[in-house]
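Reading the structure
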Amino acid sequence: MKPGIHPEYRPVVFRDKGADFAFLTRSTATSDQTIEWTDGDTYPVIDVQITSASHPFWTGTQRLLDTAGRVEKFRQKYARHGSPRPR
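All residue numbers here refer to positions counted from 1 along the written sequence of the relevant chain. Local features in this predicted model are restricted to residues whose pLDDT is 70 or higher, and side-chain atom pairs enter the listing and the counts only when it is 80 or higher, whereas totals over whole chains, interfaces and linings include all residues. Side-chain metrics in this entry use all non-hydrogen atoms of the structure; hydrogen atoms and water are not considered.

**Regarding the pattern of salt bridges**
Side-chain pairs of opposite charge can arise whenever the charged atoms involved come near each other. Our working rule: Salt bridges, as used here, are contacts in which a Lys or Arg side-chain nitrogen is within 4 Å of a carboxyl oxygen on Asp or Glu. Put simply, DSSP marks the helices as runs of H or I at least four residues long and the strands as runs of E at least two long, and each gets a number from the N terminus on.
Counting across every chain of the model gives 4 salt bridges. The shortest N-O distance in the salt bridge between E8 and R10 comes to 3.4 Å. Of the charged contacts in the structure, one is a salt bridge between R15 and D47, with a shortest N-O distance of 2.7 Å. Here the residue R15 occupies a position in strand β1 (residues 10–16), and D47 occupies one in strand β4 (residues 42–48), the gap between them amounting to 32 residues. Residues joined by salt bridges that share partners form a network here, namely R15, K17 and D47.

Listed below in structure tokens is the structure:
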């Protein structure tokens, strides 16, 4: 690697507050916030919204979408433009 052009690659904690889950890995991501990890060292922490602990694919839980409400919202939005042309 060419010296002086690459970001620092160091241990970073990624935390999912919604699932109360955190993991330590190496990354070039930076953060001003820090956290004391279980090994007693302090690492930068980056808060994320979705991890394997909270994603429906990994947890097996599905969120129900309000599809009827979406359809009605769509119809109301485009109702003023007239009815669709028959094909």
